[in-house]
Amino acid sequence: MNYKEEISKRRTFGIISHPDAGKTTLTEKLLLFGGAIQKAGAVKSNKAEKTAVSDFMEIEKQRGISVATSVMGFNYNGVKINILDTPGHKDFAEDTYRTLTAVDSVILVIDCVKGVEEQTRKLMAVCRMRHIPVIVFINKMDREGKEPFDLLEEIERELNISTRPLSWPIGIGGTFKGVYQLYQKKLKLYAASKTTINQDVVDLDSLDNTLLDEKVGASAAKQLRDEVELVEGVYEPFDLSLYRTGYLAPVFFGSAINNFGVQELLETFIEIAPYPQPRETNIRTVDPEEPKFTGFIFKIHANLDPNHRDRIAFCRVCSGEFLRNTFYYHTRLNKKLKFASPTGFMGDSKSLIEEAWPGDVVGLYDSGNFKIGDTLTEGEQLQFLGIPSFSPEIFKELENTDPMKTKQLEKGIRQLIDEGVAQLFVQNPGNRKIVGTVGELQFEVIKFRLLHEYGAACVFRPLSFSKASWISCSSLVDLKEFMRIHSSIIAYDKDDRPVFLSSSKWDIDYALRQFPTLSFHENSEWQQQTIKT
Ligand code: G4P
C-alpha cells in the first residue's frame, strides 16, 4: 500500500456560509465540474431547514436528505475530493461546528450584496480557533453588490483574517464582465449561463495588451488596470504557509449559479488546500501516514424509520487504512467492534466500501455504541481532541409529562444528546434536566422525536440563562465553596464536567470578583487544550 500517495490525493473540506449566500449552489456546481452529478438540481438545498419551525415533515425530510448528502465525494484530475455538508439553518450551527472538526480546510461563501453576515462571523470564529485554512468565494457577482475593495476590507475587519485576492472582478452586477486571474494572467469573460460550464478564457501576457480593451471595452479595461495596480501595491504576494496555518484567506470572485469562477476555484483549491494532516489526541499526535487505522465520530444520524433504531455514525479516518469486517477498538467503551457494511460516499449517493483512507469519511451502522467524539483505533487507548462543545444560547428545562414513560424519556434524551441534537446539563440533587441549543428548532425536533421514536412526552420550560461556561479553579477549596453557594446555577455536562449557567456577563464578572481563583471557559475542551500547549 502506498499510504503517502493515497493521503496526498485527498482533499476533505466543508463549504460554509450564512444561509442564502449560495453554499448549496456552489456545492452542486463543484459536483457538476467533478462529473459526480449530471445535472443541476441533484443536490437538494437545505431549504427544508429554512421552513417554519413546526413543519415536522420538513424536518424529517431534511434529515433524510442530509444522510445522502452528508458527504459528497468525487474525483477531479486524479484527486479524491470529499465535501462535508453543513446545515444551512442557523439553529443547526452546532452540527456545523462539529463537522468542522473533520475537515482539513473550508471554502467560505460570501454574498457580495450582503457582505459578512451573522453566521459568517460565528463560523469563522470556529475556523480561527482551529486554524482551519479558509478560501473565500465572493458569490453573486452578477448582482449589484459592494465594491470589491470594501468587501475585502470588511472581511479582514469583521472576520479577523488577512486576505489576498487571487482573481479580480471586472465590474459588478449589470456591468460584470468577468474576472482577471491574477496569477495565471488570464482573463475570463462572463456569460450568464446556468447550464454550460465552458467560458471564454483569454490569455493576457500583460494587462497593457490592447486585447483587454477589445474584450471588455476601454473604460472597464482602464478600471481593471488601475485596480490591479492597487491590489499588487497593497497586498503581499500570496503566502501558502500563511494560508495553510489559517492566517491568510485567498479570495475568488464569481457567480455560482452561472458556473462562473467555480472551475478556477476548484483548480486552485486542489493545488493549495492541505491534504490530511497530523491530528492531536489526548496522548500524542497521530500522523495520517501511520499504518494503523485511527478515526473519530463527528456526526451521528438517526434512522428515519422508528422501527429500526439503527443510526449512521460518520467516522473520519485519521490514519492507516480502514477495512470492512475488521475489528476496531472503541476507546471509550473499551470494546472491539467490526463493521460488516461500512458505506462510502460518492456524488450524492452512498455505497458499501471495502476500504477507506485518511481524509475519507465512512458511514458506520450503529445500534447505540457511538457518541460524537468517540475514537476508534487498532488497540491503542487514545482520544482525538478538537471536538469541543460550545455554549448553547437557549436553555429550557425538560419536564416529563408522562410519568409512566420515565425510562423511555431518559433513554431517548440520552440518545439524542449522543447524536448531538442538543446539549444536556443535569442539576443535582433532583436530576433536573436542562437542555441547551443554539436555536428554537431543536426543541421542536426533540419533542417530536421523543414522542415518535421513544413514546415519551415532555414539555420545555424556558429558563433565563444565555450561557454555559465550563469551570476550572486553581483552588479546590474555592471551587467547592463556589459550587455550594451557587448550586442553583451549577449543572453538569454530558461528561460530568461542571458548568456555570449565567444570564448575563454581569453574573460572570460578579462570580470572578467573589472567587478570583476561578476561570470560566468558552468551550468544553479547555483542559485538553491546556495540556496540549
Ligand atoms: P445556501 O445554500 O447558502 O442557503 O444558498 P443557495 O445555494 O440555496 O442559494 C440561495 C439563493 O441564491 C438561491 O436562490 C440561488 O439560486 C441564489 N444564487 C446562488 N448563487 C447565485 C449567483 O451567483 N447569483 C445569483 N444572482 N443568485 C445566486 P433562491 O431564489 O432562494 O432559490 P432558487 O429558487 O433559485 O433555488
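Here the structure is shown first, and the text comes after it.
Calculation rules
Residues numbered from 1 in each chain as written. Predicted model: local features only at pLDDT ≥ 70, side-chain atom pairs only at ≥ 80, totals over all residues. Heavy atoms only, no water. Helix = DSSP H or I, 4+ residues; strand = E, 2+ residues; numbered from the N terminus. Contact = heavy atoms within 4.5 Å. Areas by Shrake-Rupley, 256 points an atom, 1.4 Å probe, with all protein chains shown as cover. Expected span 1.5 Å × (residues − 1). Buried < 20%, exposed > 50% of the residue type's maximum accessible area, 1.4 Å probe, protein only. Pairing = 2+ DSSP bridges. Axes fitted to C-alpha atoms, helices over the stretch in contact; angles between N-to-C directions. Arc of directions from axis to C-beta. Near = heavy atom within 4 Å. Polar contact = N/O pair within 3.5 Å; in protein donor to acceptor, adjacent residues only side chain to side chain. Nonpolar A, V, L, I, M, F, W, Y, C, P; charged D, E, K, R; others polar. Parallel < 35°, antiparallel > 145°, perpendicular 65-115°, else oblique. Left-handed = near helix turned anticlockwise from the far one by under 90°. Phe/Tyr/Trp six-rings, centres within 6.5 Å; stacked < 30°, edge-to-face > 60°.

Caption draft 1: Quick look at the overall build of the chain. Each helix and strand counted, the chain has 15 helices and 31 strands in total. Long-range pairs, those at least 24 residues apart, make up 72% of the contacts in the chain with a sequence separation of at least 6. Surface accessibility of the chain: about 22400 Å² in total, with carbon and sulfur atoms responsible for 51%.

Caption draft 2: Up close: helix α12 (residues 441-454). The end-to-end C-alpha separation of α12 is 19 Å, in line with the 20 Å expected for 14 residues at 1.5 Å each. Considered for burial, the residues of α12 that qualify are Leu 441, Gln 442, Phe 443, Val 445, Ile 446, Phe 448, Arg 449, Leu 450, Glu 453 and Tyr 454. Gly 455 sits one or two residues past α12 and shows a positive phi near 65°.

Caption draft 3: The arrangement of the sheet that holds strand β2 (residues 71-76) in detail. With respect to topology, seven strands assemble into an open sheet ordered β2-β3-β1-β4-β5-β11-β6, the strand pairing being mixed. Each edge of the sheet is formed by a strand with only one pairing partner; in this case those strands are β2 and β6 (162-165). Direction aside, neighbouring strands of the sheet carry axes that sit 30° apart on average. Most of the contacts of helix α6 (residues 148-159) go to β6, to which it runs at about 155°, and overall it touches β4 (105-111), β5 (134-139), β6 and β11 (248-253).

Caption draft 4: Representation of helix α13 (residues 476-485) in the model. For α13, the full list of buried residues reads Leu 479, Phe 482 and Met 483. Taken end-on, α13 shows its buried residues confined to a sector of 95°, consistent with a single buried face. Exposed and oriented more than 90 degrees from the buried face of α13 are Val 477, Lys 480 and Arg 484.

Caption draft 5: Layout of the site of the ligand. Surrounding the ligand, one finds 18 residues, the nearest of these being Asp 20, Thr 24, Thr 25, Asp 142 and Ser 255. Between the ligand and Asp 142, the relevant distance is 2.8 Å, taken from a nitrogen atom to a side-chain nitrogen or oxygen of the residue. Arg 143 places a side-chain nitrogen or oxygen 3.2 Å from a nitrogen atom of the ligand. Here the ligand has 710 Å² of accessible area as a free molecule, and 70% of this is covered by the chains. When residues in the shell around the ligand are grouped by element, the largest group, three residues, is from helix α2 (residues 23-33). The class makeup of the residues in the shell around the ligand is four nonpolar, seven polar and seven charged.

Caption draft 6: Expanded view of the pairing of strand β1 (residues 10-17). In terms of burial, β1 is a largely internal element, eight of the eight residues being buried. With burial as the criterion, each face of β1 is covered, one bearing Arg 10, Thr 12, Gly 14 and Ile 16 and the other bearing Arg 11, Phe 13, Ile 15 and Ser 17. Bridge analysis of β1 against strand β3 (residues 79-84) gives five bridges, and the strand direction is parallel. What sits directly across from Arg 11, in β3, is Ile 81.

Caption draft 7: A look at the environment of Lys 407. Turning to its location among the elements, Lys 407 is positioned in helix α11 (residues 406-419). We classify Lys 407 as exposed; its relative accessible area is 72%. As a C-alpha pair, Lys 407 and Ala 456 span 49 residues in sequence and 8.7 Å in three-dimensional space.

Caption draft 8: Spotlight on the packing of α11 against α12. For the pair α11 and α12, interaxial distance at closest approach is 10 Å and the crossing angle is 125°. By the angle between their axes, α11 is oblique relative to α12. With respect to the hand of their crossing, α11 and α12 are arranged in right-handed fashion. From α11, Gln 408, Leu 409, Gly 412, Ile 413, Gln 415, Leu 416 and Glu 419 reach across to α12, where they touch Ile 446, Arg 449, Leu 450 and Tyr 454.

Caption draft 9: Region of the structure containing the pairing of strand β15 (residues 311-319). β15 sits mainly inside the fold: nine of its nine residues count as buried. Pairing analysis gives eight bridges linking strand β14 (residues 294-302) to β15, with the strands arranged antiparallel. What sits directly across from His 301, in β15, is Ile 312. In this sheet, strand β22 (residues 361-366) lies alongside β15 in antiparallel orientation, the contact comprising six bridges. When the sheet's bridge partners are listed, Arg 311 is paired in β22 with Asp 366.

Caption draft 10: Structural context of the side chain of Lys 299. Tracing the backbone shows Lys 299 in strand β14. On the basis of relative accessibility, which here comes to 9%, the residue Lys 299 falls in the buried class. Ignoring any residue separated from it by four or fewer positions in sequence, one finds Lys 299 in contact with Ser 70, Asp 85, Ile 312, Ala 313, Phe 314 and Ile 372.

Caption draft 11: Summary view of unusual backbone geometry. Phi at Asp 20 is positive, roughly 85°, even though this residue is not glycine. Among the secondary structure elements, Asp 20 is positioned in the loop between β1 and α2. One non-glycine residue, Asn 160, lies in positive phi territory at about 55°. By secondary structure assignment, the location of Asn 160 is in the loop between α6 and β6.

Caption draft 12: Quick peek at the packing of aromatic side chains. Throughout the structure, instances matching the rule amount to 25 aromatic pairs. Ring plane angle 55° and centroid distance 6.1 Å describe the contact between Phe 482 and Phe 520, whose orientation is recorded as tilted. Here Phe 482 is found in helix α13, whereas its partner Phe 520 is found in strand β31 (residues 518-521), with 38 residues between them in sequence. A relative accessible area of 18% places Phe 520 in the buried class.

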